[in-house]
Amino acid sequence: MAKGPFSLAAADVERLIRLLAKLPGLGPRSARRVALHLIQQKETVMRPLAEALADAAEAVGVCSRCGNIDTADPCEICADPRRDPASICVVEQVGDLWALERASAFRGRYHVLGGVLSALDGVTPEDLNIETLIPRAAEADVTEIILATNATVDGQTTAHYLTERLEGCGVTITRLARGVPVGGELDYLDDGTLITAFASRKGV
Ligand code: ZN
């Protein structure tokens, strides 16, 4: 039996909902809400979004040097001569790079690992963007590698592993300080933050 126009449209909507539900933070319920919103705002949201997605899918790729996402390879940050060539900040994900860029926290260049070592999830060094980091660290310009992996068990394990691998590259290896957040009150901090803040106290 031939499908009427309504059932065709419904199948398209179901497909849209199934795809939306794959996005981080969206379950089937919120995917349904988003789909409905898109359909109701077809000209102002849905069509521009579809075009932006198509453009991004066409243009965006991974920087072969640092693992950042960009439309150019090498990426804008790697290609920018105003960036300090002496330091490379190693992060887990592109989202971490974006966070540091938003804060204008760092004027060097980055290296995106694409994850962390994890015995539990079976992530080994071969699964991460590590092999390209070693020759970068050994380049003449580079004097400091900042390990900015997260303060999780896997993040720490990865930082230890990288410290060993980078030995002999002739660079200073540093880690981000762990401690009391700006505006943070001791009473509200979790034990882990408090303990590391205490352990990494400095002279004033
Ligand atoms: Zn790059």
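Residues numbered from 1 in each chain as written. Predicted model: local features only at pLDDT ≥ 70, side-chain atom pairs only at ≥ 80, totals over all residues. Heavy atoms only, no water.

Glancing now at the domain arrangement of the protein chain. By a widely used convention, the size of an interface equals the accessible area lost when the partners come together. Each assigned domain of the protein chain is listed here: domain 1 (5–59) and domain 2 (69–203). The distance between the C-alpha centroids of domain 1 and domain 2 comes to 35 Å. (Domains from an automatic or database assignment.)

Right, let's get into the packing of aromatic side chains. For the coordinates displayed, the defined rule picks out one aromatic pair. Taking 5.2 Å as the distance between ring centres and 70 degrees as the angle between the ring planes, the aromatic pair formed by Phe-106 and Tyr-110 counts as edge-to-face. Taken as a pair, Phe-106 and Tyr-110 share a single burial class, namely buried. (Phe/Tyr/Trp six-rings, centres within 6.5 Å; stacked < 30°, edge-to-face > 60°. Buried < 20%, exposed > 50% of the residue type's maximum accessible area, 1.4 Å probe, protein only.)

What follows deals with the packing of helix α2 (residues 28–40) against helix α3 (residues 42–59). Between two packed helices, what matters for the description is the angle formed by their axes and the separation of those axes. Interaxial distance between α2 and α3 falls to 6 Å at its minimum, and their mutual angle equals 115 degrees. Taken together, α2 and α3 sit at an angle that is classed as roughly perpendicular. Contact residues: α2 offers His-37, Leu-38, Ile-39 and Gln-40, while α3 offers Lys-42, Val-45, Met-46 and Leu-49. Residue composition of the contact of α2 with α3, by class: five nonpolar, two polar and one charged. (Axes fitted to C-alpha atoms, helices over the stretch in contact; angles between N-to-C directions. Helix = DSSP H or I, 4+ residues; strand = E, 2+ residues; numbered from the N terminus. Parallel < 35°, antiparallel > 145°, perpendicular 65-115°, else oblique. Contact = heavy atoms within 4.5 Å. Nonpolar A, V, L, I, M, F, W, Y, C, P; charged D, E, K, R; others polar.)

The strand order β4-β3-β5-β6 describes an open sheet built from four strands, whose pairing is parallel. Since the sheet does not close on itself, it has two edges, and those belong to β4 (109–112) and β6 (172–175), each with one partner. Taken over all neighbouring pairs, the strand axes of this sheet differ in orientation by 25 degrees on average, direction set aside. By the bridge criterion, four bridges tie strand β3 (residues 87–91) to strand β5 (residues 144–147) in an arrangement that is parallel. Pairing of Ser-87 across the sheet is with Glu-144, part of β5. Where helix α5 (residues 94–102) meets the sheet, its contacts fall on β3 and β4, and the angle it forms with β4 comes to roughly 160 degrees. (Pairing = 2+ DSSP bridges.)

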